[in-house]
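Structural overview
Single-letter residue listing:
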Amino acid sequence: MGSLEEWLQETVTKTASEPGKPYTQDVGNWVEIRLFISSTFVDTQAERDVLVKRVIPSINRQLADRYIRVIPVDLRWGVLDEESKDCHAIQKTCLNQVDKCRLSLRQCPWFLGLRTSRYGWVQDETMPSSGFENPDLFRWIDEFAASGRNGVSITSLECIHAVQNPIELPVSPTMFFYERKIVEGKKDEEKIESNMRWIFDFEYKKPDEEIPEGSKFQYNKTEDAGKFANDLKNLNSYMQNVPHVIWNSFETGYTAGGARFTCKREGGKSYGVGYTSSLRAFQDCVEKDLMEAIEKNFKPVSTEINSFQMETVQHENAIRAKASTFVGRSAQVEKCYGFCNNEVGDGNVLILHGEPGCGKSGLLAAVTDKLCRNLRDQENFVFVHVVDSCPGSNILAKMLKRLQWSLRDWRRKNGEINISSDPPESAADLRSLHHQFMTETAEKYPDEVFVIVVDAVNQFHGRMKAWDMWWLPRKGSPPNLKFFISTLNQENGTFVNAREACPDALLSPILQMSREDLQGMITAALARFNKKLTTFDDPLLGNQMDLLLSKSSSPLFLIAACEALRKFGIFEKVSEYIEKLPTSITALFSFLLEEWAVEYGQNFVEDVTGLICLAKDGLLENQINDLLNFKEERMKGDQEFLYESSFSRIYDSLANFLAAGGGGYLRFFHDQLKYTVQDKFLTEKFALETHQWLFDFFLACTESQLCEEPEEDPPAYYEHVLQQIFYHQLEGKKLDMLGSTLRNIYFVRERVLYGQTQSLMDEYEVAIKWCSKDAQHADMAAALTQWMKFSQMYAPKIEESPQFCQNMAINQYPDSWVRQDTTLLGEVPPQVGYPLIWDNIPPGGDAMVCKYGVGGFDAAVSHPSHDVVVIATGKQAVILDQTSGELQHRLDSQSFSVALSPDCEKVYSGEKSGVSVFDRSTGSLIATSNVQLKDVVVWVQHIGDYIAAGAGHARKTICWNDYETEGEIALFRRESGEILPLERKWSVKSPCFDYCYLNPRQLIFSAGKGGDIFGFDLQGSEVMRFENAGECVYTVAPHPTEPTILSGSNDHVIREWNVDSQTMVRSITDTTTSGWFYGGNWSVSYDPTGDFVLSTEPQSQSLRLYSFVGTLIVELKGHADCINKIRVVPGSQQAVTTDRGGTTLLFNIPDPLVDTGIRKSKQIEEKVLSSQFSKDGKYIFTVSATTIRKWSVDGFDLKNAREYDGFYRSKGFASEDEEWFFVSERMSVGKYSFKNLSIIGHLQVLQDPDGSLSSFAVTEDGNKLLGVECKNMKSEESEAVVFDIADFTNSSQIITYKNYGGRMFGCDIHPDGSRAAITGHRGTHVIDIATGQLLHSIPRGCFGAKFMKLSNRILYQDGETAYIWDLEKSEDVRKLSGHVDEVTGALLVRDETQVYTCSQDGTIKLFQIDEEECVYTFYNHRAQQYTGLSVSPCGEKVAAGNKNGLFYLLKT
């Protein structure tokens, strides 16, 4: 008999192989490479850990975007010597697993062998090829046995089976072997302990060989020891020369304690494990080899497809896979196919329904596969969606978006090239366009069929009201539009809801499979594993098929039984085994769990099935492996083992019962198995511990990322981790650790960056409700409420500037939980010039609760329990989630007023001349009015059996003087149907702007031009009139319970009227003294208690709370434009305000009777237009439209104040010597004492009343003043003038620059006093200040320009960008971009190396000039449009005024 090497060369590699080709990966399909890891067990623990925990996760991260995933098949488990005597069982397990690591049976497996000094368990006999799942691959083992070569290790058999010549060679080898050499050091701690050396040694000794002291029972004495050693050597030699193998050697070290006992026995063999050290070179080598092999064997996908196409591929692949195993039910298949093909039955919807496990998905797949093959060839449209087939497939919004894209793509391919290919982005737009676009498409192509197939609708996530089934076709849809859906009879109400939504739907219950079909299904299932049952009365075995069918006719039961049978190895006892099977699916699953527990270990099966059962959205196979390792390391340590198996082994048993939805996230496909696991294993204690285990693991995955600058990459499944962590925190009752999740700014950042903002909002709501149940958690609930508010309002800016999220949190008010929690995380190291901290932040909390990114004419708001806000924008109406601000629907309505029905199920929209009614849940139109009103409907309200509407002037105050159309009131009957019938309507005797309904007296009041308020009953009769309510009454509002109303008018007087006495009860004069022609109180309201008054007017843009005696209690800021409407939130102490500039805010309204937190802040109570620091940085001057103030910077204490005749463009700055402070007025400049603001005099700069002084500048020596003009009607004649002001009271004009040709808004004088820069609508001009000669013309510019002292350059602003222009080169040399709205200020700091900018986008930014890089952004949710910016001489303090009325004093 020759050597093993010779036999292998003659037998195993004698067959020639075909040259291989790269594997072509289907676009969008995950490829799983199962990598078999082969080695002796006890001595390679460290190497296997490196592979499983480091190499493979690293590779998976790199390959994630190619949809390639490596799964380790690591079969290490503790098998004692007496258990290893069943050679056939071991060979069957190991060698079948090797074959499962082949992508095709024609190819080599993906195989990694660790070659060490040990030989492995010797097999006394080999199992014949017929005992394996793929006998054709095991012909060699029959020849091996025939040659008399029994007595070879299982490890050797794995290697031989792997390296045999395949039919098709790979492009690059997929089998890797690494031969280890342990290099022991000279120190004792680097040497293997003498009593543990047996772990790493060749384990067989000849009978006469000496055994080391203390290891008497650790070696196996046998005459074959020499043969085994030669076989080991020969096999290694052979494999090194196999062309399709990669062979490498590597060295490791050893550290004392690396080898240890796991089971020590006196007087018998002990067991242990060994760990080597210094494995980095091994790690790098393996990763390089694997990556190269994958890169060469997998051809990169060259086809460019978008995400919708990729999802479509995955859905249709899922259908094909299910259809390939379907048998029977041909009549039902044909009936369903005929309906979808518009051949059988009426209606638009076919509902395939049944109980779990009855075969719905298989039948639907068979029908759909046929539809795809047949209908598409005829140019019809077939859309397929299989819930749980790919990432996000259980989210209705994603399906609707892909459906929209698919329809648009189909129409474009049919010649409609002008139709947009982009689907709507928001859920609200998807809702509003879904039915409209489907119907439009089907009607446009009546000769084609449009089939939409959705499998397992009951498994959709509940968001977007998916289970309501509103998205199915509506009654009256085109007959060629067909929906084919499958659902369970019970789960989530989808079957019942589908029938209610589509009463004409065709119902197709899953029929009982015939005996012939069931037999065919069983035969096909077992044939995959080369097994079959007897189908006749065999004398020995009986009729096994009959026996199995007698147990149950459930397809799920029979498939599960086949799964059990395929692993049962004794053919003669199959009948006996079938006899033992239970008769119900639940009992069968229990039976299988018990079998698995015996095979894989009880604890292991409990933990694995418990993880899958309790996971929120499934788990990746890699995640399950990592979770098991995580628990093992926590409970047993680095070198001890908790389990006797690995997930790769049990996966083979579970695979047929798992769904891999969400890109490979495993979960139980059949609920019966889930329920069985729950009943069998999941005690309350076990479930709690498993949730805690999942939470601890997910938290550990995030810890490296929850910091200012993460230094390592997160795991490949990090996005999934973020989605799961809070769920298990809640279920595991670990809310004491919210500081690591919902109360952690970095956790918030991660959720926002991974697009999980809305999920985060939902989690806050759940946590708040949970904490609110227990008074002990009141502080926690309050903290979470603040964090939720913060996250909602800051998410857009965190997404834009995530590196500054910590600074955003720190800049909340001092008592804020957000600020306190973030402070506990530690400070961020300061950089040059940033971060900035808001120093004069108002104390006492922040009344703003939510910020909605849309403004309008009117708003309707529900009780908090309904959680709805509706806003009328004039172009549409939008429905928002009240708490989170999430957009729910965009209503197809040119809406100017809105209201909600009492049950909040309907939205009433006042439009240009009528009223429409919409379903709040779906956004669909229900009915419209049948009569046109004279003008825009500015008020709409539900009143008993009527919908009341009031017509008037939509723009209210603007141009009211020219408005003459009389108002009109209409009552429409609330009846079912598509038309709102008119009950009655009547005219109001004056042009109107607003209406209200006083419920206690059932009266409607109107507000309008002329100063009279008219009161009408519901019959249309005028029953009262209140006169002298102002020249123009803008608004009226009813008391919630009393017979009184409020009115607001252009004279800034809020009046309360008693309806019963028909008299004015009291009046309140608003604090605004603006003379703006369109000023006044645009909206008024009672507060939620009815004991105080809410008002707003366009100059302050704030919400004011007054007592009835006229005391201003508090002013709530946050708007940057005129507030159109105040709406009180029913059942709460809150109000919604909506403005014309695109913002709606939800405020908490302080109750002065109980709220002791109303505190005066050290804040300026009006808009600061400009500011300037003193040279020593101790003082700051602020200029508003009415007052000049001087403040101390430390403590922000007011030192001096002086009122003056300013206007909304006033500016001020100090002279260089700090003797004087100059302030611009409408047409003049005032000079004041720097010390005490006493007036020195005024200089009349402009003469034409059509113009106003938009900006001015003074030379450093204080001798010259430049003023620029903004003319209103004669804009092209705007001028710049220069005065000699050395003697201010006798100033003289030097030049007038008339050649600009447009309005000017900014200016500057060069430090040397020779040149001036002027900027505005015509760009930026640089002129000689003495002669007025134009020196340079820059094509851009508008609101500001500043000469640079240290270079011949100029900093100027244009739109959203600041630029630096080189006056010598006549070109822009720097572009500082990053703002998204007009830059309103820019200042040079730190020797002109940095620039601070502020903008109308509500941010302040710091730029590095040379790098053109934004290095810092300051954002505060209350900040709107910044009006100006100043920086202290040292550059460490920044001041900015804001249109919201707050002043920001910031410090580094």
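Placed above this text is the structure.
Procedures and definitions
- Residues numbered from 1 in each chain as written.
- Predicted model: local features only at pLDDT ≥ 70, side-chain atom pairs only at ≥ 80, totals over all residues.
- Heavy atoms only, no water.
- Helix = DSSP H or I, 4+ residues; strand = E, 2+ residues; numbered from the N terminus.
- Buried < 20%, exposed > 50% of the residue type's maximum accessible area, 1.4 Å probe, protein only.
- Contact = heavy atoms within 4.5 Å.
- Areas by Shrake-Rupley, 256 points an atom, 1.4 Å probe, with all protein chains shown as cover.
- Lys, Arg positive; Asp, Glu negative; His and termini not counted.
- Charge placed at Lys NZ, Arg CZ, Asp CG, Glu CD.
- Phe/Tyr/Trp six-rings, centres within 6.5 Å; stacked < 30°, edge-to-face > 60°.
- Pairing = 2+ DSSP bridges.
- Axes fitted to C-alpha atoms, helices over the stretch in contact; angles between N-to-C directions.
- Polar contact = N/O pair within 3.5 Å; in protein donor to acceptor, adjacent residues only side chain to side chain.
- Salt bridge = Lys/Arg side-chain N within 4 Å of Asp/Glu carboxyl O.
- Patch = residues over 30% accessible without salt bridge, like charges linked within 9 Å, V, L, I, M, F, W, Y side chains within 5 Å.
- Parallel < 35°, antiparallel > 145°, perpendicular 65-115°, else oblique.
- Left-handed = near helix turned anticlockwise from the far one by under 90°.
- Nonpolar A, V, L, I, M, F, W, Y, C, P; charged D, E, K, R; others polar.
- Expected span 1.5 Å × (residues − 1).

Next up on the list: the overall build of the chain. Along its length, the chain carries 30 helices and 77 strands. Counting only C-alpha atoms and orienting by the principal axes, one finds that the chain spans roughly 125 × 80 × 65 Å. Looking at the 1452 residues of the chain, the share that counts as buried comes to 60%. Put simply, 60% of the contacts in the chain that link residues at least 6 apart link residues at least 24 apart. For the chain, the exposed area adds up to about 57600 Å²; of that, 47% sits on carbon and sulfur atoms. Separation of charge centres in the chain, based on 149 positive and 199 negative side chains, amounts to 0 Å.

Below, the discussion takes up the environment of Thr-1143. Tracing the backbone shows Thr-1143 in the loop between strand E49 (1134–1139) and strand E50 (1144–1148). Note: C-alpha distance between Thr-1143 and Ala-782 (361 residues apart in sequence) is 26 Å. For Thr-1143, the residues in contact, after removing those within four places along its chain, are Lys-851, Tyr-852, Val-854, Gly-855, His-1119, Thr-1137, Thr-1138 and Gln-1424.

Attention now goes to the packing of aromatic side chains. With the rule as written, the count across this model stands at 57 aromatic pairs. Here Phe-790 and Tyr-794 contribute two aromatic rings whose centre-to-centre distance is 4.4 Å and whose plane-to-plane angle is 20°, an arrangement assigned as stacked. Of this pair, Phe-790 and Tyr-794 are both found in helix H28 (residues 778–800), four residues apart, which corresponds to roughly one turn of the helix. The same class applies to Phe-790 and to Tyr-794, which are both buried. Considering the side-chain rings of Trp-986 and Phe-1016, the 6.0 Å spacing of their centres and the 50° angle between planes classify their relative orientation as tilted. Residue Trp-986 is found in strand E35 (residues 982–987), and its partner Phe-1016 is found in strand E38 (residues 1013–1016); the two are separated by 30 residues along the sequence. The pair Trp-986 / Phe-1016 is uniform in exposure class, with both members buried.

This part is about the sheet that holds strand E22 (residues 848–852). With respect to topology, four strands assemble into an open sheet ordered E22-E50-E49-E48, the strand pairing being antiparallel. Each edge of the open sheet carries a strand with a single partner, namely E22 and strand E48 (1123–1128). Here the average twist between neighbouring strands, direction ignored, is 20°. In this structure, E48 lies alongside E49, joined through five bridges in antiparallel fashion. Within the sheet, the bridge partner assigned to Ile-1123 lies in E49 and is Asp-1139.

A few words now on the sheet that holds strand E61 (residues 1280–1284). Hydrogen bonds along the backbone pair up the strands of a sheet, which may run parallel or antiparallel. One open sheet accounts for four strands, arranged E59-E60-E61-E62; its pairing is antiparallel. Of all strands in the sheet, those bounded by a partner on one side alone are strand E59 (1251–1258) and strand E62 (1292–1297). Pairs of neighbouring strands in the sheet enclose a mean axial angle of 25°, with direction left out of account. In this sheet, E62 lies alongside E61 in antiparallel orientation, the contact comprising five bridges.

Here the focus is helix H15 (residues 544–551). Counting buried residues along H15, six of its eight residues qualify, which places the element largely inside the surrounding structure. Burial in H15 covers these residues: Gln-544, Met-545, Leu-547, Leu-548, Leu-549 and Lys-551. Sitting at the head of H15, Asn-543 places a side-chain oxygen 3.3 Å from the backbone nitrogen of Met-545.

Following the criterion strictly, the structure yields 66 salt bridges and no others. For the salt bridge of Glu-334 with Lys-370, the shortest nitrogen-to-oxygen distance reads 2.6 Å. Of this pair, Glu-334 sits in helix H9 (residues 330–340) while Lys-370 sits in helix H10 (residues 360–374), and the two are 36 residues apart along the sequence. Judged by its relative accessible area of 41%, Glu-334 is partly exposed. Between Arg-634 and Asp-696 there is a salt bridge, with the nearest N and O atoms lying 3.0 Å from each other. Of this pair, Arg-634 sits in helix H20 (residues 621–636) while Asp-696 sits in helix H24 (residues 684–703), placing them 62 residues apart in sequence. Residue classification places Arg-634 among the partly exposed residues on the basis of a relative accessible area of 47%. In the salt-bridge network here, residues are joined through shared partners; they are Asp-1070, Glu-1097, Arg-1104, Glu-1115 and Lys-1117.

Here the focus is a negative patch on the surface. Together, Asp-208, Glu-209, Glu-223 and Asp-224 give the surface a local cluster of negative charge. For Glu-223, the location among the structural elements is in the loop between strand E9 (220–221) and helix H6 (225–240). Here Glu-223 falls in the exposed class, since its relative accessible area comes to 65%.

What follows is about the packing of helix H11 (residues 396–413) against helix H12 (residues 427–444). Where H11 contacts H12, the two axes come as close as 11 Å, and the packing angle between them is 30°. The angle between H11 and H12 places the two elements in the roughly parallel class. Between H11 and H12 lies a crossing of left-handed hand. Contact residues: H11 offers Ala-397, Leu-400, Lys-401, Leu-403, Gln-404, Leu-407, Arg-408 and Arg-411, while H12 offers Leu-430, Leu-433, His-434, Phe-437, Met-438, Glu-440, Thr-441 and Lys-444. When its residues are assigned to classes, the contact of H11 with H12 shows eight nonpolar, three polar and five charged.

What follows concerns the side chain of Gln-45. Locating Gln-45 in the fold gives a position in helix H2 (residues 45–63). Classification of Gln-45 by relative accessible area gives buried; the value is 0%. A polar atom in the side chain of Gln-45 sits 3.0 Å from the backbone oxygen of Phe-41.

Right, let's talk about helix H7 (residues 280–297) for a bit. For H7, with 18 residues, the first-to-last C-alpha span of 26 Å sits near the 26 Å given by 1.5 Å per residue. All buried positions along H7 are accounted for by Phe-282, Gln-283, Val-286, Glu-287, Asp-289, Leu-290, Met-291, Ala-293, Ile-294 and Asn-297.

Bringing the pairing of strand E15 (residues 381–386) into the picture now. For a regular strand, side chains alternate in direction, first toward one face of the sheet and then toward the other. Of all six residues in E15, six are buried, a share of seventy percent or more. Both faces of E15 are covered, namely the face carrying Phe-381, Phe-383 and His-385 and the face carrying Val-382, Val-384 and Val-386. In this sheet, strand E16 (residues 450–455) lies alongside E15 in parallel orientation, the contact comprising six bridges. What sits directly across from Val-382, in E16, is Val-451.

Geometrically, the link from Tyr-834 to Pro-835 is a cis peptide bond, its omega value of 0° lying close to zero. With respect to the secondary-structure elements, Pro-835 resides in the loop between helix H30 (817–823) and strand E21 (837–838). Even without a glycine there, the phi angle at Met-469 is positive, about 65°. Looking at where Met-469 falls in the secondary structure, it is placed in the loop between E16 and strand E17 (481–488). Take Met-469: its relative accessible area is 0%, and that puts it in the buried class.

Once that is clear, we can look at the packing of helix H19 (residues 602–614) against helix H23 (residues 671–680). Taken N-terminus to C-terminus, the directions of H19 and H23 make an angle of 120°; their axes are 10 Å apart at the nearest point. Classed by the angle they form, the pair H19 and H23 counts as oblique. Judged by the sense of rotation from one axis to the other, the crossing of H19 with H23 is left-handed. Residues Thr-609, Gly-610 and Cys-613 of H19 touch H23, and the partners they reach there are Lys-674, Val-677 and Gln-678.

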